[in-house]
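Observations on the model geometry
Residues per chain are reported as follows:
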Amino acid sequence: MSETVAIIDYGSGNLHSAAKAFERAAREAGLDTRILVTGDPDAVAAADRVVLPGVGAYADCRRGLDAVPGMVEAMTRAAIEAGRPFLGICVGMQLMATRGLEYETTPGLGWIPGDVGPIRPADPALKIPHMGWNTLKPDRDHALLAGIPTGEGGLHAYFVHSYALKAGRPGEVVAHADYGGPVTAMVGRDNLAGTQFHPEKSQRLGLALLANFLRWRP
């Protein structure tokens with residue numbers, strides 16, 4: 001049975017590359033999945049799976065999301081009320097938090113308690129933004145990481161960010177990266193998951209994670 005994945009278009013995010021990556025992941029996994037990039041709240045509410053991308057400043061992304069009438073409500077109906085699989089990517093993941101502290105205090109969705117604040121590496125030689133390739137260090141098992149080599153010698157994920165989520169409940173951190181100390185790389189609870197890295201740019205790791213998301217039955 002065919003499923004629909006709605007990638008939310010609210011003026012922020014690598015929509016084209018995300019859609020292409022999901023299409024490739026579905027094709028290589030042999031899945032009959034329709035990938036829909038949409039700014040229509042009704043389409044989001046009706047989708048089988050929902051993806052919230054995001055690039056740029058936290059407050060700008062939140063304002064962009066709020067500027068689409070009914071979108072936050074549609075996301076909430078699909079992800080929270082109906083329990084459909086939801087994936088936040090980069091700032092899309094950060095928006096799942098309680099609030100963002102980038103330049104100003106901005107309320108988040110409050111789905112994953114915690115604040116998004118500046119990265120402060122212990123090594124002053126490390127540059128901000130954190131940009132480049134890192135392996136993932138799992139904090140716990142998760143279906144989206146199934147079969148993906150992690151840790152030292154594992155596959156690499158692509159990061160580009162200056163702010164990171166400090167989760168209020170450590171058990172909701174799925175994996176972290178090491179950048180002068182631990183940096184939250186992935187969070188999750190129930191049917192909700194979020195990646196600070198960009199799976200659509202993370203080559204083998206990213207395609208495997210997206211395929212896992214498309215098969216995920218939380």
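These remarks concern the structure in this document. (Residues numbered from 1 in each chain as written. Predicted model: local features only at pLDDT ≥ 70, side-chain atom pairs only at ≥ 80, totals over all residues. Heavy atoms only, no water.)

Concerning the sheet that holds strand E5 (residues 99–100)
- Spatial strand order, E6-E5-E7-E11: four strands in an open sheet with mixed pairing. Sheet topology places strand E6 (106–107) and strand E11 (163–167) at the edges, where each strand pairs with a single neighbour.
- As defined by bridge partners, strand E7 (residues 114–118) adjoins E11 across five bridges and the pair is classed as antiparallel. What sits directly across from valine 116, in E11, is leucine 165. (Pairing = 2+ DSSP bridges. Helix = DSSP H or I, 4+ residues; strand = E, 2+ residues; numbered from the N terminus.)

Considering the pairing of strand E2 (residues 33–38)
- Pairing between strand E1 (residues 3–8) and E2: six bridges, direction parallel. If you follow glutamate 3 over to E2, its bridge partner there is threonine 33.
- For the crossover that starts at E1, traverses helix H1 (residues 15–29) and ends in the parallel E2, the hand is right-handed. (Right-handed = clockwise from strand over helix to strand, strands pointing away.)

Concerning the environment of leucine 165
- Looking at where leucine 165 falls in the secondary structure, it is placed in strand E11.
- Residue contacts for leucine 165: discarding those within four places in its chain leaves Met93, Ala97, Ile112, Gly114, Asp115, Val116, Thr184 and Val187. (Contact = heavy atoms within 4.5 Å.)

Examining the side chain of glutamine 196
- The residue glutamine 196 is located in the loop between strand E14 (192–195) and helix H6 (203–215) in this model.
- Within polar-contact distance, the side chain of glutamine 196 engages the side chain of glutamine 94 at 2.9 Å.
- Discounting residues that sit within four places of it in the chain, glutamine 196 has contacts with Cys90, Met93, Gln94, Phe159, His161, Tyr163, Ala164, Thr184 and Ala185. (Polar contact = N/O pair within 3.5 Å; in protein donor to acceptor, adjacent residues only side chain to side chain.)

Here we look at the packing of helix H3 (residues 58–66) against helix H4 (residues 71–81)
- Closest axis-to-axis distance for the H3/H4 pair is 7 Å, and the angle between their directions is 90°. For the element pair H3 / H4, the angle class is roughly perpendicular. Note on element contacts: H4 touches H3 through Met71, Val72 and Met75, opposite Arg62, Leu65 and Asp66.
- For the contact of H3 with H4, a count of residues per class yields four nonpolar, no polar and two charged. (Axes fitted to C-alpha atoms, helices over the stretch in contact; angles between N-to-C directions. Parallel < 35°, antiparallel > 145°, perpendicular 65-115°, else oblique. Nonpolar A, V, L, I, M, F, W, Y, C, P; charged D, E, K, R; others polar.)

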